[in-house]
Amino acid sequence: DGGITQSPKYLFRKEGQNVTLSCEQNLNHDAMYWYRQDPGQGLRLIYYSQIVNDFQKGDIAEGYSVSREKKESFPLTVTSAQKNPTAFYLCASRQTDNYGYTFGSGTRLTVV
Amino acid sequence: AQKVTQAQTEISVVEKEDVTLDCVYETRDTTYYLFWYKQPPSGELVFLIRRNSFDEQNEISGRYSWNFQKSTSSFNFTITASQVVDSAVYFCALRGGSNYKLTFGKGTLLTVNP
């Protein structure tokens, strides 16, 4: 079955360490997105990519980095510069000629 | 700029009650798309409905119905005869026709008690 796989589901890191969250899709979608969710804050866009080797900052890109070397993959790195990294991270994808978004099951990152 | 407001932070009902979740949006785009998503405790976002700005026809799907009114910039969601399994966070979202960003409201936590 086609879908988006985010791994791992739970991730713990020490403060000051970079960590990379995985997002893989087999839907052949062109566009991919990373959202961050905090309690009571809804979802906020971190980065998005419409095609391979191209990506744009969203509303809260500071302290994060991404790459899009393959159509299927859009990993997110949470760097030590992100001041409040503990959150729930959701990856999504969309075919450019379709307005529906498909979401992964998320990764809950806890920085201690 | 796009904005989605879900004024109800939490709603608690008893099973079989009807419940309406409110959503008000702002956009300068003349063409736009509105969405409702459900987020159960497991965390994934489940797509419920998409509505185009040029289609104001309201929709009913089983126990779910949606009321889209451009005049008041609202896209409300009603669950009829609520069930415990409806307990979740519900998000309203907006995508303007001129960009690729999906803007979410802060969500409404619905708790349906037996």
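Refer to the structure above for everything that follows.
About the thresholds
- Residues numbered from 1 in each chain as written.
- Chains lettered and ligands numbered in written order.
- Predicted model: local features only at pLDDT ≥ 70, side-chain atom pairs only at ≥ 80, totals over all residues.
- Heavy atoms only, no water.
- Contact = heavy atoms within 4.5 Å.
- Buried area = accessible area lost by both parts, 1.4 Å probe.
- Salt bridge = Lys/Arg side-chain N within 4 Å of Asp/Glu carboxyl O.
- Polar contact = N/O pair within 3.5 Å; in protein donor to acceptor, adjacent residues only side chain to side chain.
- Helix = DSSP H or I, 4+ residues; strand = E, 2+ residues; numbered from the N terminus.
- Buried < 20%, exposed > 50% of the residue type's maximum accessible area, 1.4 Å probe, protein only.
- Pairing = 2+ DSSP bridges.
- Axes fitted to C-alpha atoms, helices over the stretch in contact; angles between N-to-C directions.
- Phe/Tyr/Trp six-rings, centres within 6.5 Å; stacked < 30°, edge-to-face > 60°.
- Lys NZ or Arg CZ within 6 Å of the ring centre and 35° of its normal.

(A) A look at the interface of chain A and chain B. In this assembly, 20 residues from chain A lie in contact with 17 residues from chain B. Contact between chain A and chain B buries roughly 1,700 Å² in total, counting both sides, with carbon and sulfur atoms accounting for 57%. Across the chain A-chain B interface, the total number found is one salt bridge. With its nearest N and O atoms 2.9 Å apart, the salt bridge here joins Asp-59 of chain A to Lys-101 of chain B. Put simply, chain A and chain B have four residue pairs in polar contact (both at pLDDT 80 or more) between them. Sorting the residues of the side of chain A that touches chain B by element identifies strand S4 (31–38), strand S5 (42–51) and strand S9 (87–94) of chain A as the ones contributing at least two each. If you tally residues by element for the side of chain A that touches chain B, the top one is S5 of chain A, at five residues.

(B) Representation of the pairing of S5 of chain A in the model. Residue and element names in this part refer to chain A. For S5, the buried fraction is high: eight of the 10 residues fall into the buried class. Relative to S5, S4 runs antiparallel, the two sharing seven bridges. Residue pairing in the sheet places Gln-37 in a bridge with Leu-43 of S5. Joining the antiparallel neighbours S4 and S5 is a turn of three residues, in which Gly-40 adopts a positive phi near 75°. As paired elements, S5 and strand S6 (residues 54–57) share three bridges and run antiparallel to each other. Bridge pairing in S6 links Tyr-48 to Gln-56. Between the end of S5 and the start of S6, which pair antiparallel, lie two residues, with Asn-53 showing a positive phi angle near 65°.

(C) Focus on the sheet that holds strand S1 (residues 4–7) of chain A. All names here are of chain A. Strand order in the open sheet formed by four strands is S1-S3-S8-S7, with antiparallel pairing between adjacent strands. Edge positions in the open sheet fall to S1 and strand S7 (64–66), since each of these has one partner strand only. This sheet shows a mean twist of 20° between the axes of neighbouring strands, independent of strand direction. Two strands pair when backbone bridges link them, and strand S3 (residues 19–25) and strand S8 (residues 76–78) are joined in this way by three bridges, in the antiparallel orientation. Its bridge partner lying in S8, Val-19 is registered against Val-78.

(D) View of the packing of aromatic side chains. Under the definition given, this model contains 22 aromatic pairs over all chains. Relative to Phe-103 of chain A, the ring of Tyr-35 of chain A lies with its centre 6.1 Å away and its plane at 45°, an arrangement referred to as tilted. Here Phe-103 of chain A lies in strand S10 (residues 102–103) and Tyr-35 of chain A lies in strand S4, a separation of 68 residues in the sequence. Phe-103 of chain A matches Tyr-35 of chain A in its accessibility class, with the two residues each being buried. Taking the centre distance of 5.3 Å and the plane angle of 80° together, the rings of Phe-103 of chain A and Tyr-37 of chain B count as edge-to-face. Of this pair, Phe-103 of chain A sits in strand S10 while Tyr-37 of chain B sits in strand S5 (residues 32–39), placing the two residues on different chains. Considered together, Phe-103 of chain A and Tyr-37 of chain B belong to a single accessibility category, that of buried residues. Among the aromatic residues, those joined into a ring-pair cluster are Tyr-33, Tyr-35, Tyr-48, Tyr-101 and Phe-103 of chain A together with Phe-35, Tyr-37, Phe-47, Phe-91 and Phe-104 of chain B. Positioned above the aromatic ring of Phe-74 of chain A is the side chain of Arg-68 of chain A, whose terminal nitrogen or guanidinium carbon lies 6.0 Å from the ring centre.

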